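This is what each chain is made of:
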Amino acid sequence: MAPMQRSYDVIVIGAGAAGLMCAIEAGKRGRRVWLVDHARKIAEKIRIAGGGFCNFTNLHTSPKNFLSQNAHFCKSALSRYTQQDFIALVQSHGIAFHEKKLGQLFCDESAQEIIAMLLEECRRAGVVLQNDTGIERVEAIGNGYRVVTTRGTQDCDSLVIATGGLSIPKVGATKFGYDVARQFGLDVIETRPGLVPLTFQASLLERCQALSGLSVEATVSCGKVSFSEGLLFTHRGLSGPSILQISSYWREGQDILVNLAPSVDAFAFLKDRKKAQPKQEVQTALAEVVPKRLALSICEDAALSGRLADLPDGALRALARAVNEWRIRPAGTEGYRTAEVTLGGVDTNALSSKTMEAKTQPGLFFVGEVMDVTGHLGGFNFQWAWSSGYVAGQYV
Ligand code: FDA
């Protein structure tokens, strides 16, 4: 009997950033591509990213902005499809954008423009896109793969897994990609939420709640890693870019060190002030280093009040430490419900860094967040989705 005629050369599962990019590139090469997603609305994470304006890349993207057990893995893809390549694509569609800070590029109008651009590119490349389609199982068949879906069964030469990580289950995140990796004997590095607010024990939580809404420019460190960006007190704990960044490095049981006024040596300031204005109240002096509400909270926590002249240097030193070296031990994180990314994932040692193909399973590819490559906050995770999707698209 003659073999069944295949309708598609390539099936991409997951129509997020990485799956769309991979499908477009494969389609441009003349491959017949089926891009399939279980969600009703595809690319939801692009839509909600960057507060609806999508921080779609970062001007300063480099391999240093990524965490992975295999630090070199991301280099090849990032150098073959760079932030400038994606910017050129955005410009070719006439999408206006701006740099907010630290090289982070956002749409002027809306994240929907990025989605519309990718859908238009899919249309031009002849990609067949199917949403609202559950994947029941995938299996290897002779020289290809069979994908059994709620809309029927399709065979293909190359199967691309682009189902992302576990963050934000309510927009369609599943563990599907990890299950497929394990099904074909690939290792999966333990996953955990990243770029996520940290939570604290009751006493500290109370202080955070009292300060809720207040933000400062801080330096937050964990071990040898530090980030200097905004820190926000919330009714649930601490958040803001510096906390989200450090959360990707923090492990349970570790302390983090917060410098609430990185440009000021608080002890030197307080000692000078004690000499110059000995009658000044300590909280009034401290309010020149950090916002007033925070100054009051720090003094209250240290049980310090009164005139500077009446306070020994040791007490001022302890107070300064609470500003420049605030050591705190998070209880945990808010978890996948609010995490922007998932750390860990498909072990990149099992994949080719040139093609994203599984070394031991020809024709099976993984792209985007599903693998153990996680970017810092600031547009890096989308750049990884574009770069890994692009390179796989050249080989599928
Ligand atoms: P992504 O998660 O985007 O797509 C996976 C797709 O697979 C989804 O469409 C899903 O429905 C589908 N899928 C999952 N399981 C399936 C299954 N079993 N069957 C079929 N389909 C399935 N990054 C950045 O660089 N700049 C930013 O501004 C932001 N902002 C941001 C905000 C928020 C709230 C979040 C949660 C995340 C961000 N990120 C970000 C991170 C960024 O969104 C993320 O890293 C990329 O979307 C990853 O792209 P992927 O295509 O790999 O997965």
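Because the structure is a prediction, the values reported are computed rather than measured.

Asker: Account for the pairing of strand 1 (residues 10-13), naming residues and giving values.
Answerer: Because side chains alternate across strand 1, one face comprises the buried residues V10 and V12, and the other comprises I11 and I13, equally buried. Pairing analysis gives four bridges linking strand 1 to strand 2 (residues 33-36), with the strands arranged parallel. Residue pairing in the sheet places V10 in a bridge with V33 of strand 2. Crossover handedness for the path strand 1 to helix 1 (residues 17-28) to strand 2: right-handed.

Asker: For the site of the ligand, give the residues involved together with the corresponding values.
Answerer: Every one of the 31 residues lining the ligand counts as a neighbour, but A18, D37, T174, E369 and F382 are closest to it. Separating an oxygen atom of the ligand from a backbone N or O atom of A17 is a distance of 3.1 Å. Relative to its unbound accessible area of 990 Å², the ligand is 92% covered by the protein chains. Among the elements of the structure, helix 1, helix 2 (44-48) and helix 13 (380-393) are those that each provide at least two residues to the shell around the ligand. The greatest single-element share of the shell around the ligand, amounting to four residues, is contributed by helix 13.

Asker: With reference to specific residues and values, describe the sheet that holds strand 7 (residues 128-130).
Answerer: Spatially, five strands are ordered 7-2-1-11-21 in an open sheet, and the strand pairing comes out parallel. The strands lining the two open edges of the sheet, one partner per strand, are strand 7 and strand 21 (364-366). Each adjacent strand pair in this sheet contributes to an overall mean axis angle of 20°, direction not counted. Across three bridges, strand 11 (residues 158-161) lies against strand 21 in parallel orientation. In the sheet register, I161 faces strand 21, and the bridge partner there is F366.

Asker: I'd like a rundown of the sheet that holds strand 3 (residues 55-58), residues and numbers included.
Answerer: Within the open sheet, the three strands sit side by side as 3-6-5. Their pairing is antiparallel. Single-partner strands in this sheet number two, and they are strand 3 and strand 5 (97-99). Strand after strand, the sheet turns through a mean of 30° between neighbouring axes, direction not considered. The pairing of strand 3 with strand 6 (residues 104-107) spans three bridges and is antiparallel. In the sheet register, N55 faces strand 6, and the bridge partner there is F106. Running over the sheet, helix 4 (residues 83-92) touches strand 3, strand 5 and strand 6 and is turned about 140° from strand 3.

Asker: Summarise the domain arrangement of the chain; cite the residues concerned and give the values.
Answerer: Each assigned domain of the chain is listed with its residue range as follows: domain 1 (10-193 + 342-393) and domain 2 (197-334). Look at where the C-alpha atoms of domain 1 and domain 2 centre, and you get two points 39 Å apart. In this assembly, nine residues from domain 1 lie in contact with eleven residues from domain 2. For the pair domain 1 and domain 2, the summed buried area comes to about 850 Å², and 48% of that belongs to carbon and sulfur atoms. Applying the counting rule to domain 1 against domain 2 returns zero salt bridges. Remark: the boundary between domain 1 and domain 2 carries four residue pairs in polar contact (both at pLDDT 80 or more). Class assignment of the residues belonging to the side of domain 1 that touches domain 2 gives a composition of five nonpolar, two polar and two charged.

Asker: For the packing of aromatic side chains, give the residues involved together with the corresponding values.
Answerer: In total, this model carries twelve aromatic pairs according to the counting rule given. A ring pair is formed by F382 and W386, whose centres lie 5.6 Å apart and whose planes are at 15°; its orientation type is stacked. Note that F382 and W386 are positioned in helix 13 at a spacing of four residues, about one turn of the helix. You'll find F382 and W386 in the same group, each marked buried. Cluster of aromatic residues (ring-pair linked, three or more members): F56, F86, F97, F382 and W386.

Asker: Could you give an account of helix 7 (residues 202-210), with specific residues and numbers?
Answerer: Of all the residues in helix 7, the buried ones are L204, R207 and C208. Viewed along the axis of helix 7, the buried residues span an arc of 100°, placing them on a single side of the element. Along helix 7, the residues that are exposed and aim more than 90 degrees away from the buried face are A202, S203, E206 and A210. Buried residues along helix 7 sit in contact with strand 15 (225-234), strand 16 (237-239), helix 11 (292-301) and strand 18 (326-328).

Asker: Please set out the pattern of salt bridges residue by residue, giving values where relevant.
Answerer: A full pass over the atoms with the stated rule returns 21 salt bridges. A salt bridge links E120 to R124; its shortest N-O distance comes to 3.0 Å. Of the two residues, E120 and R124 are both situated in helix 5 (residues 112-124); the distance of four residues between them amounts to about one turn of the helix. On the accessibility criterion, E120 (24% relative accessible area) is partly exposed. Between D310 and R307 there is a salt bridge, with the nearest N and O atoms lying 3.3 Å from each other. Exposure remark for D310: the relative accessible area of 51% places this residue in the exposed category. Through salt bridges that share partners, D9, R31, R32 and D157 make up one connected network.

Asker: Just give me the short version of the pairing of strand 6, but keep the residues and values in it.
Answerer: Here strand 6 shows two buried faces, one formed by Q104 and F106 and the other by L105 and C107. Direction of pairing for strand 5 relative to strand 6: antiparallel, over a ladder of three bridges. When the sheet's bridge partners are listed, H98 is paired in strand 6 with F106. The antiparallel pairing of strand 5 with strand 6 creates a hairpin that spans four residues between the two strands, and L102 there sits at a positive phi of about 50°.

The rules behind each value
- Residues numbered from 1 in each chain as written.
- Predicted model: local features only at pLDDT ≥ 70, side-chain atom pairs only at ≥ 80, totals over all residues.
- Heavy atoms only, no water.
- Buried < 20%, exposed > 50% of the residue type's maximum accessible area, 1.4 Å probe, protein only.
- Helix = DSSP H or I, 4+ residues; strand = E, 2+ residues; numbered from the N terminus.
- Pairing = 2+ DSSP bridges.
- Right-handed = clockwise from strand over helix to strand, strands pointing away.
- Near = heavy atom within 4 Å.
- Polar contact = N/O pair within 3.5 Å; in protein donor to acceptor, adjacent residues only side chain to side chain.
- Areas by Shrake-Rupley, 256 points an atom, 1.4 Å probe, with all protein chains shown as cover.
- Axes fitted to C-alpha atoms, helices over the stretch in contact; angles between N-to-C directions.
- Contact = heavy atoms within 4.5 Å.
- Domains from an automatic or database assignment.
- Buried area = accessible area lost by both parts, 1.4 Å probe.
- Salt bridge = Lys/Arg side-chain N within 4 Å of Asp/Glu carboxyl O.
- Nonpolar A, V, L, I, M, F, W, Y, C, P; charged D, E, K, R; others polar.
- Phe/Tyr/Trp six-rings, centres within 6.5 Å; stacked < 30°, edge-to-face > 60°.
- Arc of directions from axis to C-beta.

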